[in-house]
Amino acid sequence: MKLAIEYRNRTGIDPGRMTFPQIRFAVGVMREQDRLRKQEMAESVLAAISAAFGNKDAFASL
């Protein structure tokens, strides 16, 4: 039930006749996209900071 609500909140589409595995898969894909988006944002911020300070080994320090 929580996944169906999350699906509806994220997409604005009522899952209607979707089965639970379909909803679970769709929400999992959306969560993975969010995770990758956050990771890319963090990497770009770190790259900008390291470029500003001239630290070429900023990724190695993590």
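Since this is a predicted model, take the numbers as computed values, not measurements.

**As for the overall build of the chain**
For step 1, the next point in the chain: For the chain, the helix and strand inventory stands at 2 helices and 0 strands.
For step 2, the next point in the chain: Here the chain holds 62 residues, and 19% of them are scored as buried.
For step 3, the next point in the chain: Split by element, the accessible area of the chain, about 5,200 Å² in all, is 60% carbon and sulfur.

**Considering the pattern of salt bridges**
One side chain can pair with another of opposite charge once the charged atoms of both are near each other.
For step 1, the next point in the chain: According to the stated counting rule, one finds 6 salt bridges in the structure shown.
For step 2, the next point in the chain: Here Asp34 and Arg10 are joined by a salt bridge, their closest N and O atoms 2.7 Å apart. Here Asp34 is found in helix H2 (residues 20-53), whereas its partner Arg10 is found in helix H1 (residues 2-11), with 24 residues between them in sequence.
For step 3, the next point in the chain: With relative accessibility at 22%, the residue Asp34 sits in the partly exposed group.
For step 4, the next point in the chain: The partner of Arg37 in a salt bridge is Asp34, with the nearest N and O atoms 2.9 Å apart. In this pair, Arg37 and Asp34 both sit in helix H2, 3 residues apart, roughly one turn of the helix.
For step 5, the next point in the chain: Where salt bridges share partners, they join Glu6, Arg10, Arg31, Asp34 and Arg37 into one cluster.

**Description of a nonpolar patch on the surface**
For step 1, the next point in the chain: A cluster of nonpolar side chains, contributed by Met41, Val45, Ile49 and Phe53, occupies part of the molecular surface with about 440 Å² of accessible area.
For step 2, the next point in the chain: Tracing the backbone through its elements, the reader meets Met41 in helix H2.

**Re H1**
For step 1, the next point in the chain: Those residues of H1 that sit buried are Leu3, Ala4, Glu6 and Tyr7. Down the axis, H1 shows its buried residues gathered within 160° of arc, on one side only. Across from the buried face of H1, at angles greater than 90 degrees, the exposed residues are Lys2 and Asn9.
For step 2, the next point in the chain: Here the buried face of H1 lies against H2.
For step 3, the next point in the chain: Gly12 lies just past H1 and shows a positive phi near 80°.

Conventions and cut-offs
The written sequence of each chain sets the order in which its residues are numbered from 1. Per-residue local features of the predicted model are confined to residues with pLDDT of at least 70, and side-chain atom pairs are confined, for both listing and counting, to 80 or more; whole-chain, interface and lining totals are unaffected and use all residues. Values reported for side chains reflect all heavy atoms of the structure, with hydrogen atoms and water molecules removed beforehand. Secondary structure counts use DSSP, requiring at least four H or I residues in a row for a helix and at least two E residues in a row for a strand, with both numbered from the N terminus. Exposed residues in this analysis have more than 50% of their type's maximum accessible area, buried residues have under 20%, and partly exposed residues fall in between, with area computed by a 1.4 Å probe over protein chains only. The accessible surface values rely on the Shrake-Rupley method and a 1.4 Å probe; as for residues, cover is taken only from the protein chains in view. In what follows, salt bridge is the name for a side-chain nitrogen of Lys or Arg lying within 4 Å of a carboxyl oxygen of Asp or Glu. Surface patches are drawn from residues lacking salt bridges whose relative accessible area is over 30%; two like charges belong together within 9 Å, two nonpolar side chains (Val, Leu, Ile, Met, Phe, Trp, Tyr) within 5 Å. The arc under discussion is defined with respect to the helix axis, by the directions toward the C-beta atoms. By definition, residues are in contact when any of their heavy atoms lie within 4.5 Å.

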